[in-house]
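# Descriptive analysis of the structure
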There are 2 protein chains.
Amino acid sequence: MTITQLYYVLAVAEHQNFTKAAEKCFVTQPTLSMQIQKLEDELDIQIFDRSKKPIELTEVGKKIVTQARNIVNESYRIQDIVDQQKGFIGGEFKLGIIPTIMPTLLPMFLKTFIKKHPKVKLKIEELTTEEIMSRIKEGHLDAAIAATPLEDENIKERPLYYEPFVSYIPKNHRLYGQKTIATTDLEIDDMLLLEDGHCFRDGVINLCKIFKNHVDDKFQLESGSIETLIKLSNEGLGMTLLPYLHTLDINEKEKNNLHYFNEPPPAREVSLIYHKSELKMQIIEALQDVIAGIVRGAIAFQDVKIISPLPK
Amino acid sequence: MTITQLYYVLAVAEHQNFTKAAEKCFVTQPTLSMQIQKLEDELDIQIFDRSKKPIELTEVGKKIVTQARNIVNESYRIQDIVDQQKGFIGGEFKLGIIPTIMPTLLPMFLKTFIKKHPKVKLKIEELTTEEIMSRIKEGHLDAAIAATPLEDENIKERPLYYEPFVSYIPKNHRLYGQKTIATTDLEIDDMLLLEDGHCFRDGVINLCKIFKNHVDDKFQLESGSIETLIKLSNEGLGMTLLPYLHTLDINEKEKNNLHYFNEPPPAREVSLIYHKSELKMQIIEALQDVIAGIVRGAIAFQDVKIISPLPK
DNA sequence: TTGTGTGATAGTCATTTTTAATCAATTTAG
DNA sequence: CTAAATTGATTAAAAATGACTATCACACAA
């Protein structure tokens, strides 16, 4: 049994197709077939049910794949140990970022990070929290930036900053006259929300629920981006909540519609998250350093009330 | 990088000698040298410091060995999954037993187990708790029978039975007249103990300490076996404590010297212990079944007071 | 039927792994 | 101090392994 064989098994299990898996492994299909057959022979058990189309894992196959993923990931750690020893910070690094953080945070730290660590090939993807979590567990993502706490024992979190919620209230709104907003003022019914799947949406709903036990889950208007929310709000369709960093780059006129919360303002915790196996910790720590350094200047809130990002 | 290479590294790390390691791996010494060199080249780092005699691990080498042990052990688990699927209970199984349990328990279950599971090649070794724990962690022992709780997060425990302590008191002893003994009657000073390293010794000391804060650690007489303790006690050199199962095969005359404790009697918890990675669980469970079945008839105590086997 | 997509098989070749034999450097014993 | 023994590295030849190309066999769809 070799690590390569296990790696091939993982590829086939993932793509449910020998040919595609072979491409991903940069070998030809017969090579893959042979190696997997050899492993099956050695263990004297079928890992794949080739009669099904597309190909399926057998029951044992599933268990073997789980264990194989373990072994392959643990094997990467050897290189990791060596890198750590050499103080080498480089290689490919796949980072996920949730949509409501991506456009504001990424431009703030990306240049600095690339300049400081030119040997790291960052591959950044915009993904929802749910996608991020499953990809981290599968090893397809090295780390991610998301709202926390996630309450998942396989995922570790390192808080980067606390980002308060800011009310965006158009002129005709019943709350427009108030200088500051209390969380008790919020009514989910006249609140514009992001589409399902965004954890910021869930955060807002949780915030409204704190003082109302029951919330109708029929919302009139939902949008895929915060920019659209602002425009809809400008049209008088309701108020909305924005993450603080988003309020920094809206235009002067719209800034008048911003209403801050009473102390302590509700906020989301934004963290760098990664698999509990702590692979590529050097890069993760480098990222944390750079982001923490950048954000320190932009966000200075201390006393905040953290709102859970999880749908409940 | 291959699992074989990692296995070779482990062998050399363990034997501190290429030639011996090669023998254990059933390959020639050049094979081993080459493979390890290749791994070192690939990682571009020295794992062994060959200038030292005997050969030593470098600092990174130590980390790599730890991780390599992980990977190699995890790789065994694949075969384990297959065995489990096939319902196969067999193969080599290394079991450790502490000296104070070995002579009484082993004869009780060994025959039954071999008969029930003829494909398991049991290799049984008498070892102290300390030796057992380190060997389980290194993967040189699949399981062991010892007094628990051990409070070690790498080791899991499955209690088999609770074995009360019984006083063995010779005729001239101050406590001989008492029908039952209370733990408060015990005085460490007139107690015969096993040599250092036996956890039963530590259990007895802990028991005596429960009512006396301070105990002199100068004991006059110590012995390596419980049989010797009984003989020394017969000579009037003091009383001693025996594990219950030991009292079953002493002669009639000596049985008169046995004095049982008041309810609840102090007892030791005897468990099947194994590494948290749960390798070879089928065999471990088979062992547990057999032993539990046998012991159920011999030990019927319920309300006992468990004494820690750890030196404190 | 004829493609199309899929995985298995056969034959070949380069590479890798292993081995036996040998060497060089140390350490140990007399 | 010299001789013998031990230890790991080196070399060259053999065995094995892994991967490739080409091709086959089967299932399914147009």
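Residues numbered from 1 in each chain as written. Chains lettered and ligands numbered in written order. Predicted model: local features only at pLDDT ≥ 70, side-chain atom pairs only at ≥ 80, totals over all residues. Heavy atoms only, no water.

### Focus: the overall build of chain A
Counting its secondary structure elements, chain A contains ten helices and twelve strands. The principal-axis extent of the C-alpha atoms belonging to chain A is close to 75 × 45 × 30 Å. Scored against the burial criterion, the 312 residues of chain A give a buried share of 51%. Counting every atom, chain A has about 15300 Å² of accessible surface; 49% of that belongs to carbon and sulfur. One way to put it: in chain A the 38 positive side-chain charges average out to a point 4 Å from where the 45 negative ones average out. (Helix = DSSP H or I, 4+ residues; strand = E, 2+ residues; numbered from the N terminus. Buried < 20%, exposed > 50% of the residue type's maximum accessible area, 1.4 Å probe, protein only. Areas by Shrake-Rupley, 256 points an atom, 1.4 Å probe, with all protein chains shown as cover. Lys, Arg positive; Asp, Glu negative; His and termini not counted. Charge placed at Lys NZ, Arg CZ, Asp CG, Glu CD.)

### Some thoughts on helix α1 (residues 3-15) of chain A
All names here are of chain A. For α1, spanning 13 residues, the distance from its first C-alpha to its last is 18 Å, which sits close to the expected 18 Å at 1.5 Å a residue. Every buried residue of α1 is listed here: Ile-3, Gln-5, Leu-6, Tyr-8, Val-9, Leu-10, Ala-11, Val-12 and Ala-13. Directly after α1, the chain includes Gln-16, whose backbone phi takes a positive value near 50°. (Expected span 1.5 Å × (residues − 1).)

### Some thoughts on the interface of chain B and chain A
Counting residues at the interface gives 23 residues for chain B, matched by 23 residues for chain A. The junction of chain B with chain A conceals about 2200 Å² of combined surface from both sides, 72% of it contributed by carbon and sulfur atoms. The three residues of chain B that bury the most area against chain A are Gln-67, Ile-78 and Ile-81 of chain B, which together make up 25% of that side's buried surface. The salt bridge involving Asp-44 of chain A is made with Lys-86 of chain B; its shortest N-O contact spans 3.6 Å. Between chain B and chain A we count six residue pairs in polar contact (both at pLDDT 80 or more) in total. When contributions to the side of chain B that touches chain A are tallied by element, the ones reaching two or more residues are α1 (3-15) and α4 (59-86) of chain B. It is α4 of chain B that provides the largest number of residues to the side of chain B that touches chain A, a total of 16 residues. Its residues assigned to classes, the side of chain B that touches chain A comprises twelve nonpolar, six polar and five charged. (Contact = heavy atoms within 4.5 Å. Buried area = accessible area lost by both parts, 1.4 Å probe. Salt bridge = Lys/Arg side-chain N within 4 Å of Asp/Glu carboxyl O. Polar contact = N/O pair within 3.5 Å; in protein donor to acceptor, adjacent residues only side chain to side chain. Nonpolar A, V, L, I, M, F, W, Y, C, P; charged D, E, K, R; others polar.)

### Brief notes about the UniProt feature "domain: HTH lysR-type" (unreviewed entry) in chain A
As annotated in UniProt, the feature "domain: HTH lysR-type" (unreviewed entry) corresponds to residues 1-58 of chain A in the numbering used here. As annotated, residues 1-58 of chain A has a helix share of 62% and a strand share of 7%, and its two end C-alpha atoms lie 19 Å apart. (UniProt positions renumbered as here; feature names shortened; annotations may be inferred.)

### Concerning the environment of Met-133 of chain B
On the secondary structure map, Met-133 of chain B appears in helix α6 (residues 129-138). Along the primary structure Met-133 of chain B and Leu-150 of chain B are separated by 17 residues, whereas in three dimensions their C-alpha atoms are 9.1 Å apart.

### A few points about the protein's contact with DNA strand D
Around DNA strand D, 15 residues are found, and the nearest of them are Thr-28, Thr-31 and Lys-38 of chain A together with Ser-33 and Arg-50 of chain B. Restricting the count to atoms of DNA strand D within 4 Å of the protein gives a sugar and phosphate share of 74%. With respect to DNA strand D, the backbone of Thr-28 of chain A contributes an N or O atom lying 2.7 Å from a phosphate oxygen. Between a base nitrogen of DNA strand D and a side-chain N or O atom of Gln-29 of chain B, the distance comes to 2.9 Å. Listed by contribution, the elements that provide at least two residues to the surface near DNA strand D are α3 (29-43) of chain A together with α2 (18-25) and α3 (29-43) of chain B. The residue makeup of the surface near DNA strand D, split by class, is five nonpolar, eight polar and two charged. (Near = heavy atom within 4 Å.)

### Regarding the protein's contact with DNA strand C
Around DNA strand C, 16 residues are found, and the nearest of them are Gln-29, Ser-33 and Arg-50 of chain A together with Thr-31 and Lys-38 of chain B. By atom count, sugar and phosphate contribute 76% of the portion of DNA strand C lying within 4 Å of the protein. Thr-19 of chain A places a polar main-chain atom, nitrogen or oxygen, 3.3 Å from a phosphate oxygen of DNA strand C. At a separation of 3.0 Å, a phosphate oxygen of DNA strand C approaches a polar side-chain atom of Gln-35 of chain B. For the surface near DNA strand C, the secondary structure elements donating two or more residues are α2 (18-25) and α3 of chain A together with α3 of chain B. Per-element tally for the surface near DNA strand C: the top contributor is α3 of chain B, with five residues. Classifying every residue of the surface near DNA strand C by side-chain character gives six nonpolar, eight polar and two charged.

### Re unusual backbone geometry
All names here are of chain A. Here the amide bond leading from Thr-148 into Pro-149 is cis, since omega sits at 0°, within 30 degrees of zero. Here Pro-149 is to be found in the loop between β5 (143-148) and β6 (155-168). Of note in this structure, Glu-278 is not a glycine but carries a positive phi near 60°. Considering the arrangement of structural elements, one finds Glu-278 in the loop between β11 (266-275) and α10 (281-298).

### Focus on the nonpolar core
Among the nonpolar cores identified, the biggest contains 71 residues, and Leu-95, Phe-109 and Ile-145 of chain A are the most heavily contacted of them. Shared between two domains, this core takes at least three residues from each, and those domains are domain 2 (89-161 + 269-301) and domain 3 (163-267) of chain A. Met-133, Phe-165, Leu-192 and Leu-245 of chain B belong to the second-largest nonpolar core, a separate cluster that totals 70 residues. (Core = buried A, V, L, I, M, F, W, Y, C linked by side-chain atoms within 4.5 Å. Domains from an automatic or database assignment.)

### Things to note about the pattern of salt bridges
Residues and elements named next belong to chain B. This structure, assessed with the given rule, holds 26 salt bridges over all chains. Arg-50 is the salt-bridge partner of Glu-40, the closest N and O atoms lying 3.0 Å from each other. Within this pair, whereas Glu-40 is found in helix α3, its partner Arg-50 is found in the loop between β1 (48-49) and β2 (56-57), the two being separated by ten residues in sequence. Overall, Arg-50 belongs to the partly exposed group, its relative accessible area being 31%.

### Digging into the relation of the copies chain B and chain A
Once chain B is rotated about the relating axis by 180° and shifted along it by 0.0 Å, it coincides with chain A to within an RMSD of 0.1 Å. Such a combination of rotation and displacement between the chain copies is what one expects of a two-fold axis. Looking at chain B, 100% of its interface residues are interface residues in chain A too, so the copies touch through the same face. (Least-squares fit on C-alpha atoms with pLDDT ≥ 70 in both.)

### With respect to the packing of helix α5 (residues 102-116) of chain B against helix α10 (residues 281-298) of chain B
Residues and elements named next belong to chain B. In contact at an axis separation of 9 Å, α5 and α10 are set at 130° when each is read in the N-to-C sense. Judged by the inter-axis angle, α5 sits oblique to α10. Remark: the crossing between α5 and α10 carries right-handed chirality. Within the contact between the two elements, α5 uses Leu-105, Met-108, Phe-109, Thr-112, Phe-113 and Lys-116 and α10 uses Ile-283, Ala-286, Leu-287, Val-290, Ile-291, Ile-294, Val-295 and Ala-298. Counted by class, the contact of α5 with α10 contains twelve nonpolar, one polar and one charged residues. (Axes fitted to C-alpha atoms, helices over the stretch in contact; angles between N-to-C directions. Parallel < 35°, antiparallel > 145°, perpendicular 65-115°, else oblique. Left-handed = near helix turned anticlockwise from the far one by under 90°.)

### Notes on the pairing of β11 of chain A
Residue and element names in this part refer to chain A. Where burial is concerned, most of β11 is hidden: nine out of the ten residues are buried. Across five bridges, the pairing between β5 and β11 is antiparallel. Bridging across to β11, Ala-147 finds its partner in Val-270. Looking at chain direction, β6 and β11 are connected through nine bridges and run antiparallel. Bridging from a neighbouring strand, Lys-156 pairs with Tyr-274 of β11. In terms of strand pairing, β11 meets strand β12 (residues 305-306) through two bridges, oriented parallel. (Pairing = 2+ DSSP bridges.)

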